[in-house]
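Read off the chains here:
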Amino acid sequence: MDLTDQALVEKTKSGDYQAFEALVNRYEGKVYRLSMRMLRNQQDAEDALQETFLQVYRGLENFEGRSMFSTWLFRLATNVCLMKIRHRETEPQHLLPLEDYLPRHEEGEQPPIQDWPDLPDEALLSKESRAKMLAALEKLPAEYRLVFILRDIEGFSNAEAGETLGISVAAVKSRLHRARLALRGVLAEYFDKKIRKGFKEKGP
Amino acid sequence: MKCQEILEKLSEYIDGELDPKLCQDLEAHMEDCHPCLIFVNTLKKTIILYQFAGCEPLPKEVHLRLHDYLKKECQGC
């Protein structure tokens, strides 16, 4: 039977290294995925992964279980990623004004808005589309990217994401909304062109 | 309701966090406003696309290096 996180934490604290390894096994995939999405570079993601779990091991002694272990772990992981990002010069700092991502169909300023094919759709999920999606995510400033990753990709609730990032639920919701609009905006521009061309992609 | 007001509320609408009255207003608006309807559809699809797109699983060698690294570092803790 699998032990709960809390049970493994207690065992680790009492010196059982295997219990710690079990915790690492349980969460390493998720932490790696988060790091890859945040840092987009395998070497940096691996460094972040190692640093996070070392911090976990060293911090466990003072972990009192006031929040869930997983929340605490992801808070450490996001902080490690943010620290790495702050040392980069090429990171986007600002999100474009929200208005840039909103349609202006009321004013008739834009070409008609187009719907995309239903999902799952091969064209939407082609290699080229995935690359475009990744690039769009990279263009978001880190705070927005993190909220989107935690909420929409990893499935955290508003409260969990807020606790992990140390921000209010209102801030989570506001950032999430802006991140989604920004991503939709970039993808819409790309898919609209594709749809106009008939969505025909050359074979691999 | 104006289109711009709708657009501000869309995430809450998608997440089912909008109060029922506003939700009704929004849906009524979308029945008559095709661009807003498509905007919501494509916003939902954006989210689903990112969920579908997935991410590489943890490579075996990264897993092994992590465990080696921790064993080495933590022995001195």
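Structure's up top.
Overview of the structure.

Criteria and thresholds
- Numbering of residues starts from 1 in every chain and runs along the sequence as written.
- Note on labels: chains are lettered from A, ligands numbered from 1, in written order.
- Per-residue local features of the predicted model are confined to residues with pLDDT of at least 70, and side-chain atom pairs are confined, for both listing and counting, to 80 or more; whole-chain, interface and lining totals are unaffected and use all residues.
- Processing note: side-chain calculations cover all non-hydrogen atoms of the structure and skip hydrogens and water entirely.
- A run of H or I in DSSP counts as a helix once it spans at least four residues, and a run of E counts as a strand once it spans at least two, with each numbered from the N terminus.
- Note on contacts: a residue pair is in contact if any heavy atoms of the two residues lie within 4.5 Å.
- Here the Shrake-Rupley method, with its probe set to 1.4 Å, supplies the accessible areas, and only the displayed protein chains count as covering residues.
- Under the counting rule used here, the positive set is Lys and Arg, the negative set is Asp and Glu, and His together with the chain ends is not counted.
- For this purpose, a charge sits on NZ of Lys, CZ of Arg, CG of Asp or CD of Glu.
- The buried label applies to any residue whose accessible area, calculated with a 1.4 Å probe on protein chains only, is under 20% of its type's maximum; exposed applies above 50%, and partly exposed to all values in between.
- Salt bridge, as used here: a side-chain nitrogen of Lys or Arg that lies within 4 Å of a carboxyl oxygen of Asp or Glu.

### Structural notes on the overall build of chain B
Working step 1: When you go through chain B residue by residue, the secondary structure sums to four helices and zero strands.
Working step 2: Overall, chain B shows an N-to-C arrangement of helices and strands of α-α-α-α.
Working step 3: In terms of overall dimensions, chain B has a C-alpha envelope of 65 × 25 × 15 Å along the principal axes.
Working step 4: Put simply, of all contacts in chain B between residues at least 6 apart along the chain, 48% involve residues at least 24 apart.
Working step 5: Accessible surface for chain B amounts to roughly 4300 Å². Of this, 51% is attributable to carbon and sulfur atoms.
Working step 6: Computed over 9 positive and 14 negative side-chain charges, the inter-centroid distance for chain B is 10 Å.

### Remarks on the overall build of chain A
Working step 1: Secondary structure summary: chain A contains eight helices and zero strands in total.
Working step 2: Ordered by position in the sequence, the α and β elements of chain A form the string α-α-α-α-α-α-α-α.
Working step 3: Counting only residues that meet the buried cut, chain A has 50% of its 204 residues in that class.
Working step 4: Long-range contacts, defined here as pairs at least 24 residues apart, represent 67% of the contacts in chain A between residues at least 6 apart.
Working step 5: Accessible surface, chain A as shown: approximately 10600 Å² in total, 49% of it carbon and sulfur.

### Some words on the pattern of salt bridges
Working step 1: Throughout the structure, instances matching the rule amount to 18 salt bridges over all chains.
Working step 2: We note a salt bridge from Arg65(B) to Glu46(A), for which the minimum N-O separation is 2.6 Å. In this pair, Arg65(B) is assigned in helix α4 (residues 60-75) and Glu46(A) in helix α3 (residues 42-59), connecting two distinct chains.
Working step 3: The exposure class assigned to Arg65(B) is partly exposed, which follows from its relative accessible area of 40%.
Working step 4: The partner of Arg66(A) in a salt bridge is Glu64(A), with the nearest N and O atoms 2.4 Å apart.
Working step 5: Through salt bridges that share partners, Arg151(A), Asp152(A), Arg180(A) and Asp15(B) make up one connected network.

### A short note on unusual backbone geometry
Residue and element names in this part refer to chain A.
Working step 1: We note that arginine 40 has phi near 55°; this positive angle belongs to a residue other than glycine.
Working step 2: With respect to the helices and strands, the residue arginine 40 is situated in the loop between α2 (17-39) and α3.
Working step 3: When its relative accessible area of 29% is taken as the criterion, arginine 40 is described as partly exposed.

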